[in-house]
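The residues making up each chain are set out below.
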Amino acid sequence: KQEVTQIPAALSVPEGENLVLNCSFTDSAIYNLQWFRQDPGKGLTSLLLIQSSQREQTSGRLNASLDKSSGRSTLYIAASQPGDSATYLCAVSLDRGSTLGRLYFGRGTQLTVWP
Amino acid sequence: EAGVAQSPRYKIIEKRQSVAFWCNPISGHATLYWYQQILGQGPKLLIQFQNNGVVDDSQLPKDRFSAERLKGVDSTLKIQPAKLEDSAVYLCASSFPDNEAFFGQGTRLTVV
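All of these numbers come straight from a predicted model, not from anything done at the bench.

A. Highlighting the side chain of Arg37(A). Along the polypeptide, Arg37(A) turns up in strand S4 (residues 30–38). Of the residues examined, Arg37(A) reaches a relative accessible area of 17% and is grouped as buried.

As structure tokens, this is what we get:
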């Protein structure tokens, strides 16, 4: 069974700091890994998707890395802003035939960036 | 491109009542998922459809939950009868089978 763990559970920082959010997973036979953002009362917005053959993906101030063999991913947020305040969720899909695409989620990191 | 549509956004019911949620996926996405997200936790898969067939419902409490995807497009998720512990956000997502999942806004269910 795939277990996904995210550290820290919560993070509060002043505006402008560079941040690292951590995600680990127990089954390294993943197909891909996604980072999502969730605002209070809202659905999930996909931020970055990393295929199992890739090492990292970048979008604007966000950079996600993947070390499949060690079961780890990090989400790096540069120059954080108050608008980045949200819960960040890590999810992996396993390379499992017909159930390909099913996502296993961590509990998330609740980020607060204060002015 | 229109996103995944869900309704209603919010629902409050008494325990033992029934409730239904509706999802319209992104056009062309063959795979549809229903996830349950309890407060403070990550989403957990309830059921996965490929077109109109079920590929994974191992975590669906089948004594009270049911779901269908007629004609391989829209889907409904039903709970009957509801329990207090069913209070959660129900998220619908769709994707091509081997690609990025897109989520709807979710339905927040409160059972009192």
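Next, the rest of the story.
B. Region of interest: unusual backbone geometry. For the bond from Ile7(A) to Pro8(A), the omega torsion is -5°, close enough to zero to count as cis. The residue Pro8(A) is located in the loop between strand S1 (4–7) and strand S2 (10–14) in this model. Here Ser7(B) and Pro8(B) are connected by a cis peptide whose omega angle stands at -5°. Assignment of secondary structure puts Pro8(B) in the loop between strand S1 (5–7) and strand S2 (10–13). Even without glycine at this site, Asn51(B) takes up a positive phi of about 55°. Looking at where Asn51(B) falls in the secondary structure, it is placed in the loop between strand S5 (44–50) and strand S6 (53–56). Despite not being glycine, Lys71(B) shows a phi value in the positive range, around 60°. Inspection of the secondary structure assignment puts Lys71(B) in the loop between strand S7 (65–68) and strand S8 (75–79). By relative accessible area, Lys71(B) is classed as exposed at 81%.

C. Looking closely at the sheet that holds strand S7 (residues 62–67) of chain A. Residues and elements named next belong to chain A. As summarised here, the arrangement of the five strands in space is S1-S3-S8-S7-S6, forming an open sheet in which the pairing is antiparallel. Taken across any chain shown, the strands that pair with only one partner, and hence form the sheet edges, are S1 and strand S6 (56–59). Shown here is a sheet whose adjacent strand axes are inclined to one another by a mean of 15°, direction ignored. Bridge count for strand S3 (residues 19–25) against strand S8 (residues 72–77) is six bridges, and the pairing is antiparallel. The partner of Cys23 across the bridge, within S8, is Ser73.

D. Spatial organisation of the sheet that holds S7(B). Residues and elements named next belong to chain B. Spatial ordering of the open sheet is given by S1-S3-S8-S7, a layout of four strands whose pairing is antiparallel. Across the chains shown, the open sheet's two edge strands, defined by having one partner strand only, are S1 and S7. Sheet twist, expressed as the average angle between the axes of neighbouring strands with direction ignored, equals 15°. As judged from the five bridges shared by strand S3 (residues 19–24) and S8, these two strands associate in the antiparallel manner. Residue pairing across strands places Phe21 opposite Leu77, the latter belonging to S8.

E. Fine view of the state of the cysteines. Inspection of every chain in the model, using the stated rule, returns two disulfides over all chains. Disulfide pairing places Cys23(A) opposite Cys90(A) at an S-S distance of 2.0 Å. A torsion of -65° about the S-S bond marks the disulfide between Cys23(A) and Cys90(A) as left-handed. Remark: Cys90(A) occurs in strand S9 (residues 86–94) and Cys23(A) occurs in strand S3; sequence separation between them is 67 residues. Note on Cys90(A): relative accessible area 0%, which makes it buried. The residue that forms a disulfide with Cys23(B) is Cys92(B), at a sulfur-sulfur distance of 1.9 Å. With the S-S dihedral at roughly -70°, the linkage between Cys23(B) and Cys92(B) falls on the left-handed side. With a gap of 69 residues between them, Cys23(B) in strand S3 and Cys92(B) in strand S9 (residues 88–95) connect regions that are remote in the sequence.

F. Focus on the interface of chain A and chain B. Contacts between chain A and chain B engage 20 residues on the former and 24 residues on the latter. Surface buried jointly by chain A and chain B totals about 1,800 Å² across both partners, of which 46% is contributed by carbon and sulfur atoms. Its largest share of buried area at the contact with chain B, chain A owes to Leu44(A), Arg102(A) and Arg107(A), together 28% of the area lost on that side. On inspection of chain A and its partner chain B, the count reaches one salt bridge. Put simply, Arg102(A) and Asp56(B) hold a salt bridge, and the shortest N to O gap is 2.9 Å. Contributions of two or more residues to the side of chain A that touches chain B are made by S4, strand S5 (44–51) and strand S10 (103–105) of chain A. Each residue belonging to the side of chain A that touches chain B can be placed in one class, and the counts come to eight nonpolar, nine polar and three charged.

Thresholds, definitions, all that
- Residues numbered from 1 in each chain as written.
- Chains lettered and ligands numbered in written order.
- Predicted model: local features only at pLDDT ≥ 70, side-chain atom pairs only at ≥ 80, totals over all residues.
- Heavy atoms only, no water.
- Helix = DSSP H or I, 4+ residues; strand = E, 2+ residues; numbered from the N terminus.
- Buried < 20%, exposed > 50% of the residue type's maximum accessible area, 1.4 Å probe, protein only.
- Pairing = 2+ DSSP bridges.
- Axes fitted to C-alpha atoms, helices over the stretch in contact; angles between N-to-C directions.
- Disulfide = S-S within 2.5 Å.
- Contact = heavy atoms within 4.5 Å.
- Buried area = accessible area lost by both parts, 1.4 Å probe.
- Salt bridge = Lys/Arg side-chain N within 4 Å of Asp/Glu carboxyl O.
- Nonpolar A, V, L, I, M, F, W, Y, C, P; charged D, E, K, R; others polar.

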